[in-house]
Amino acid sequence: MKKQWLIFFVLAFALLAAACSESTIPEGAESGGDGENEGTASGGEQEIIYAATSDVVGLSPTMTNDSVSSNVIEQVYEKLFMRNPETMEIEPRVAESYETPDELTWVIKLKEDIMFHDGTPLNAEAVKYSFDKLRDPETAAPRASLLEPIDVVNVLDEYTVEIKTKYPYGPLLAALSHANAAIISPTADQEQDLMQEPVGSGPFKFVSWTPGDEVVLEKNEEYWDGAPTLDKVTLKVVPEISTAISMLQTGEVNFIDGLPSEQISRIEAIENVEITKKEGTPVYYLTFNHSLERNQDPEYRKAVASAIDRDAFVENLNGLGVRNDSILGPQVFGYEESQSGAGTAYDLETAQQLVEENDFGSEPIKLLTANRENFVLMAEIVQAQLTEAGFSVEIETMEWATFLDTARAGEYDMTFLSWSNVTGDGSEMFYPNFHSDNVGNSNRAQYSNPEFDELVEASRTTIDQDERADILSQANEVMLKEDAAITMYHGIVTAATDESISGLQLDPNGQWNLYNVSRE
């Protein structure tokens, strides 16, 4: 029996395995007046007010799959494992230790005496209940695929759970560190709607949700790891990012994240506000509709790749993007630093020659983009660069939901896509986005390559992490050599807080935890 302790190098990351969510950069902002911070609750209580541009969809980890809901869920619920935002290692949270008697079996010991907010125990039965419900087709959980590799969950004793997988599954601990794999109270789930009234074991307890207005949490005085310092947490819905920035300036809110690149200088100029920036797991890339005959020509893809000056685009991000050719970013498990410059280099002369020799400019390119600030900026810059190389490019812009449906249906020639990679694991970037199993669904690039598929499958069905990293590097190399996707940039996750706040943990996938936060 091979004993493993919980320092596990899986760079997990969140949007869309199967996990995942597409990333966004909030749009524009306008100036506001100076003011005093107003984030302390009456009676001297410590309170933090966070401004979100969207309301939560719901408050159950089983039934949600959006970043705003996850930000609340992360404060209320807990998972077996968590990813250290500094080291990017998987560490225990509710779990104490684990072992793998064979490649299909994971035996997980739980910490004892952890209680849900309703006073019931978080034990092996609760873990089994949570995972079985997430996997049950009748539940129709949006992230059921997260635990698809699990065959059965068994209770060995009160604090020991056994997970049997259908096949060897290397990213399992990364999957179990995902917000949607949080452990719910079976009693509460059977007595109430957790989408409206969540019950977890985390450092904060649910108080109220006023749809379209705010969600309020309070400290869990009985939290097993010690009560948090903050007494109250309020998520305030502020639809316009410009308004949220003004409220931060006047002290009406204390915390915003996802800072817009075009407004970063304005936020930096606000007195008594601190900005946190961290290299993140999101990636933004240009891809081809690989189902089209023209896009299957390697010379055509090389001409496109050679025409794009990505440095020129990244300069427009005001420090909120990382230039790197690799599809897997530096914060993602499987990244190989030597591949940072391994993509096709910008070479306008080569691009023009290929276009002229092959008459690539005779047929217009339909360049699909979402109507979000950074997507539009990418489209406009790339259109100009491709035009200079001799291509004919027409931009088609759509609102976000329609854009995703159109891309999924393959109704485009080239498009820009993004992936926030909540698990931070390369397998969970490559499998949903580029494996042929998912063509017509999450594989919006319509990419199909048997060699690549085989490597991705091996990365998922191998539990040796060093071997997995090597396999993912090989898969990344295949895509780079084929110009299958052209990485525009890797994201920087950001937050702005008033200077009274300390201890904020910002995860590379953009999520955050308030357990260690305090206000001076």
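These figures come from a predicted structure and were not determined experimentally. (Residues numbered from 1 in each chain as written. Predicted model: local features only at pLDDT ≥ 70, side-chain atom pairs only at ≥ 80, totals over all residues. Heavy atoms only, no water.)

### Let's talk about the overall build of the protein
Counting its secondary structure elements, the protein contains 14 helices and 22 strands. The C-alpha atoms of the protein give a radius of gyration of 23 Å, which matches the 24 Å a tight globule of 520 residues would have. The C-alpha extent of the protein, read off along each of the three principal axes, is 75 × 60 × 40 Å. The proportion of buried residues among the 520 residues of the protein is 60%. Taken together, the 33 basic and 92 acidic charged side chains of the protein have centroids lying 4 Å from each other. (Helix = DSSP H or I, 4+ residues; strand = E, 2+ residues; numbered from the N terminus. Rg over C-alpha atoms; globule rule 2.2 N^0.38 Å. Buried < 20%, exposed > 50% of the residue type's maximum accessible area, 1.4 Å probe, protein only. Lys, Arg positive; Asp, Glu negative; His and termini not counted. Charge placed at Lys NZ, Arg CZ, Asp CG, Glu CD.)

### Some thoughts on unusual backbone geometry
Both trends apply: most residues other than glycine have a negative phi, and most peptide bonds are in trans. Of note in the backbone geometry, D113 takes a positive phi value of approximately 65° without being a glycine. Tracing the backbone shows D113 in the loop between β6 (105–110) and α2 (124–135). Judged by relative accessible area, which is 59%, D113 ranks as exposed. Within the chain, Q446 stands out as a residue other than glycine whose phi angle is a positive 60°.

### A short note on the nonpolar core
In this structure, L286, V304, F391, F430 and F434 are the most contacted members of the largest nonpolar core, which totals 66 residues. If one sorts the elements of this core by residue count, helix α10 (residues 373–389) sits on top with seven residues. Here F391 is in contact with Y300, A303, V304, V355, F360, G361, I365 and L386, once residues within four sequence places are set aside. Among the nonpolar cores identified, the runner-up in size contains 64 residues, and A95, Y98, L110 and A175 belong to it. (Core = buried A, V, L, I, M, F, W, Y, C linked by side-chain atoms within 4.5 Å. Contact = heavy atoms within 4.5 Å.)

### Side note on the side chain of Q339
Among the structural elements, Q339 can be located in the loop between β14 (321–322) and α9 (348–358). A relative accessible area of 6% places Q339 in the buried class.

### A word on α9
Each α-helix winds once per 3.6 residues, and so residues spaced three or four apart point in a common direction. Every buried residue of α9 is accounted for by L348, A351, L354 and V355. End-on, the buried residues of α9 take up no more than an arc of 130°, which puts them together on one face. Exposed residues pointing more than 90 degrees away from the buried face of α9 are listed as E349, E356 and E357. Looking at the packing, one finds that the buried side of α9 touches α7 (298–307) and α10. Of the residues flanking the end of α9, it is D359, one or two places downstream, whose phi is positive at about 55°. (Arc of directions from axis to C-beta.)

### What to know about the pattern of salt bridges
Overall, the coordinates contain 23 salt bridges when judged by the stated rule. Across the pair E78 and R93 runs a salt bridge whose closest N-O atoms are separated by 3.5 Å. With E78 in the loop between α1 (67–76) and β3 (81–83) and R93 in the loop between β4 (90–92) and β5 (95–102), this residue pair connects regions lying 15 residues apart in the sequence. The partner of D325 in a salt bridge is R310, with the nearest N and O atoms 3.3 Å apart. (Salt bridge = Lys/Arg side-chain N within 4 Å of Asp/Glu carboxyl O.)

### Here's the deal with a negative patch on the surface
On the surface, a cluster of negative charge is contributed by E336, E337, D464, D466, E467 and D470. Along the chain, the position of D464 falls in the loop between α13 (450–460) and α14 (465–482). For D464, a relative accessible area of 38% gives the class partly exposed. (Patch = residues over 30% accessible without salt bridge, like charges linked within 9 Å, V, L, I, M, F, W, Y side chains within 5 Å. Areas by Shrake-Rupley, 256 points an atom, 1.4 Å probe, with all protein chains shown as cover.)

### Some details on the packing of aromatic side chains
Under the counting rule described, the total for this entry stands at 18 aromatic pairs. When the ring of F255 is compared with that of W512, the centres are 4.9 Å apart and the planes differ by 70°; the resulting orientation is edge-to-face. Remark: W512 occurs in strand β21 (residues 512–513) and F255 occurs in strand β12 (residues 255–257); sequence separation between them is 257 residues. Here the two residues F255 and W512 agree in accessibility, since each one is buried. Between the aromatic rings of Y300 and F360, the centroid separation amounts to 5.0 Å while the plane-to-plane angle is 90°, which identifies the pairing as edge-to-face. In this pair, Y300 sits in helix α7 while F360 sits in the loop between α9 and β15 (365–370), placing the two residues 60 residues apart along the sequence. (Phe/Tyr/Trp six-rings, centres within 6.5 Å; stacked < 30°, edge-to-face > 60°.)

### Some details on the environment of G361
If you trace the backbone, G361 turns up in the loop between α9 and β15. Looking at G361, the relative accessible area reads 23%, which means it is partly exposed. In this structure, the C-alpha to C-alpha distance between G361 and N476, residues 115 residues apart in sequence, is 29 Å.

### Considerations on the confidence of the model for the protein
Put simply, the protein has an average pLDDT of 89, and 92% of its residues get 70 or more. Low pLDDT, under 50, characterises residues 1–39; the predicted model gives this stretch 169 contacts beyond four residues in sequence or across chains. (pLDDT = per-residue confidence, 0-100.)

### Observations concerning the pairing of β6
Within a regular strand, the side chains alternate between the two sheet faces. Summarising burial for β6: five of the six residues are buried, a large majority. Across five bridges, the pairing between β5 and β6 is antiparallel. Bridge assignment links D102 to a residue of β6, and that residue is T105. Adjacent in sequence and paired antiparallel, β5 and β6 are bridged by two residues. As paired elements, β6 and strand β8 (residues 160–165) share five bridges and run antiparallel to each other. By the bridge assignment for β8, V107 is matched with E162. (Pairing = 2+ DSSP bridges.)

### Some details on the pairing of strand β13 (residues 273–288)
Sheet topology note: the β13/strand β18 (residues 485–498) ladder contains twelve bridges and is antiparallel. Within the sheet, the bridge partner assigned to Y284 lies in β18 and is Y489. Where β13 meets strand β17 (residues 414–419), six bridges bridge the pair, whose relative direction is antiparallel. Along β17, the bridge assignment pairs V283 with W419.

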